[in-house]
Amino acid sequence: MKSEGINREFLDGVLTGAHPDVYYHFGVSSEDPLLEGLRDVRAVIMAGSGGRIKEFADRWSRLNGGSEVIAFPKEDRFVTRYTAGVLFASHGMGMPSASIAVQELMRMVYLLKRGDLDALDQVFWARVGTSGGVGLPGGTIVVSSEGLMPDLKPYRLIQGGRGSYWFDGTFPEPTREAILRANDGSGLSIVSGKTVATNEFFLEQFRLDGAIRMETEETKGEFLAWLHENGVRNIEMEGAMLAAYLNSWGFPSFAMICAVLLNRLEGDQVTSTPEQLHTFSEDSGDVLFNYLQSLLLPAGEQ
Ligand code: URA
């Protein structure tokens, strides 16, 4: 961990009891007895939708002999569950929403690990999501190597008090390799590549089917070809920020696993059937669970 990246000025006061921390969007505070049950957290798994989080938590509980699933009381923003060492939380859509979830979860994990940097090092983070493929057919799973914004530069916030704040969008290679290894022989189509995260589904992803249209077939084709030439394999709406914030604290182990819903070189609309979408979603979940099991479940229990 990088101690200098952590807002210890605020967070250490929470540890000493000088003041509480309210994780407002999750509906709990540092003084909530519910959090006591989460001290053994070893992984934080995020996904866009609350339904997916509930399914993941139930699946992890079944793999852990029916372990108790703790549900957070507030669900109007994010849906949160904890079971058997894994905290599952939804983050909504896009970086403005997901950045709230990520920052509050980082603060929560700091509290749970009592600010112990070695213990924080042990926590694995992942987002499992959906994306548009760049030259990849629907159903492919992309494990991201780097998260970038649509100009192929890393995540940054424009014009803070000290100008622009730039972040590192790299996803740690050893974790990525370990995920690929854990899925060896799974038969799933998994690739690794750069991911572009946009702040808009239509215009920033150069779609021609929005209510508003700024691009032409030609500029869209040029943009997607440029992404592809630069190693980008999918486009979604959270990854650049996720990698940026986790790197700023120096977490050594995190990943993003996204199912491709469509090949953007062939179209803009998501026309897959509900059955196909279900399979895509199951497959990306399988990639995560194959890794989680190798990480957290002793060999005999898998
Ligand atoms: N999510 C996105 O952000 N873009 C797509 O094309 C599909 C899913």
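Residues numbered from 1 in each chain as written. Predicted model: local features only at pLDDT ≥ 70, side-chain atom pairs only at ≥ 80, totals over all residues.

## Considering the overall build of the protein chain
- What the protein chain contains, in helices and strands, is 8 helices and 13 strands.
- The globule rule puts the C-alpha radius of gyration for 302 residues at 19 Å, and the 19 Å found for the protein chain is close to it.
- For the C-alpha atoms alone, the extent of the protein chain along its principal axes is close to 60 × 50 × 35 Å.
- Per-residue burial over the protein chain gives 40% buried out of 302 residues.
- Within the protein chain, counting contacts between residues at least 6 apart in sequence, those at least 24 apart form 77% of the total. (Helix = DSSP H or I, 4+ residues; strand = E, 2+ residues; numbered from the N terminus. Rg over C-alpha atoms; globule rule 2.2 N^0.38 Å. Buried ≥ 20, exposed ≤ 12 C-beta atoms within 10 Å, placed from the backbone. Contact = placed C-beta atoms within 7 Å.)

## Notes on the domain arrangement of the protein chain
- For the protein chain, the domain assignment lists domain 1 (1–122) and domain 2 (129–302).
- Relative to domain 2, the C-alpha centre of domain 1 lies at a distance of 22 Å.
- Opposite the 24 residues of domain 1 that make contact, domain 2 presents 20 residues.
- For the side of domain 1 that touches domain 2, the elements supplying multiple residues, two or more each, are strand S3 (43–47), helix H2 (50–63) and helix H3 (95–112).
- For the side of domain 1 that touches domain 2, the element with the most residues is H3, which contributes 6 residues.
- Residues belonging to the side of domain 1 that touches domain 2 are distributed by class as follows: 13 nonpolar, 7 polar and 4 charged. (Domains from an automatic or database assignment. Nonpolar A, V, L, I, M, F, W, Y, C, P; charged D, E, K, R; others polar.)

## Quick look at the site of the ligand
- Neighbouring the ligand are the residues Thr130, Ser131, Gly132, Phe201, Gln205, Ile235, Glu236, Met237 and Leu261.
- Secondary-structure elements contributing two or more residues to the shell around the ligand are strand S7 (124–133) and strand S12 (232–236).
- With 3 residues, S7 is the largest single contributor of residues to the shell around the ligand.
- In terms of residue class, the shell around the ligand is made up of 4 nonpolar, 4 polar and 1 charged. (Near = placed C-beta within 6 Å.)

## Here's the deal with the packing of H3 against helix H7 (residues 239–249)
- Look at H3 against H7: their axes get within 10 Å of each other, and the N-to-C directions meet at 25°. Here H3 is positioned roughly parallel relative to H7, judged by the angle of their axes. As for the relative orientation of H3 and H7, their crossing is right-handed in sense. Listed contacts from H7 to Met95, Ala98, Ser99, Val102, Gln103 and Met106 of H3 are Met241, Leu242, Tyr245 and Trp249.
- Across the contact of H3 with H7, the residue classes tally to 8 nonpolar, 2 polar and no charged. (Axes fitted to C-alpha atoms, helices over the stretch in contact; angles between N-to-C directions. Parallel < 35°, antiparallel > 145°, perpendicular 65-115°, else oblique. Left-handed = near helix turned anticlockwise from the far one by under 90°.)

## Thoughts on the environment of Ala98
- Relative to the helices and strands, Ala98 resides in helix H3.
- Classification of Ala98 by C-beta neighbours within 10 Å gives buried; the count is 25.
- A sequence separation of 140 residues divides Ala98 from Glu238, and the C-alpha atoms of the two residues are 6.6 Å apart.
- Setting aside residues no more than four positions away along its own chain, Ala98 makes contact with His91, Gly92, Glu238, Met241 and Leu242.

## Section: the pairing of strand S13 (residues 254–263)
- Of all 10 residues in S13, 9 are buried; the element is thus mostly enclosed.
- Strand direction decides the pairing type here: S7 and S13, joined by 9 bridges, are parallel. Across the sheet, residue Gly129 finds its bridge partner in S13, namely Cys258.
- Bridge analysis of strand S8 (residues 141–148) against S13 gives 3 bridges, and the strand direction is antiparallel. Pairing of Val143 across the sheet is with Ile257, part of S13. (Pairing = 2+ DSSP bridges.)

## Quick look at the environment of Tyr82
- Here Tyr82 is to be found in strand S5 (residues 80–83).
- Judged by the 24 C-beta atoms lying within 10 Å of it, Tyr82 falls in the buried class.
- Sequence spacing of Tyr82 and Leu38 is 44 residues, and the spatial spacing of their C-alpha atoms is 7.0 Å.
- Discounting chain neighbours no more than four positions away, the residues touching Tyr82 are Gly37, Leu38, Ile70 and Leu87.

## Quick word on H3
- Taking 1.5 Å per residue, 18 residues should reach 26 Å; H3 reaches 25 Å between its end C-alpha atoms and fits that length.
- One or two residues past the end of H3 sits Arg114, with phi positive at roughly 50°. (Expected span 1.5 Å × (residues − 1).)

## Focus on the pairing of strand S10 (residues 163–166)
- Sheet analysis places strand S9 (residues 156–160) next to S10, joined by 3 bridges and oriented antiparallel. When the bridges of S10 are listed, Leu157 appears paired with Tyr165.
- Here S9 hands over to S10 after 2 residues, the two strands then running antiparallel side by side.

## Observations regarding the nonpolar core
- Formed by 79 residues in total, the largest nonpolar core has its most connected members in Val44, Ile45, Ala89, Ala126, Met241 and Ile257.
- For this core, the leading source of residues is H3, giving 10 residues.
- Each of domain 1 (1–122) and domain 2 (129–302) contributes no fewer than three residues to this core.
- Other than its neighbours up to four places away in sequence, Ala126 contacts Ile45, Met46, Phe254, Ala255, Met256, Ile257 and Leu288. (Core = buried A, V, L, I, M, F, W, Y, C linked by C-beta atoms within 7 Å.)

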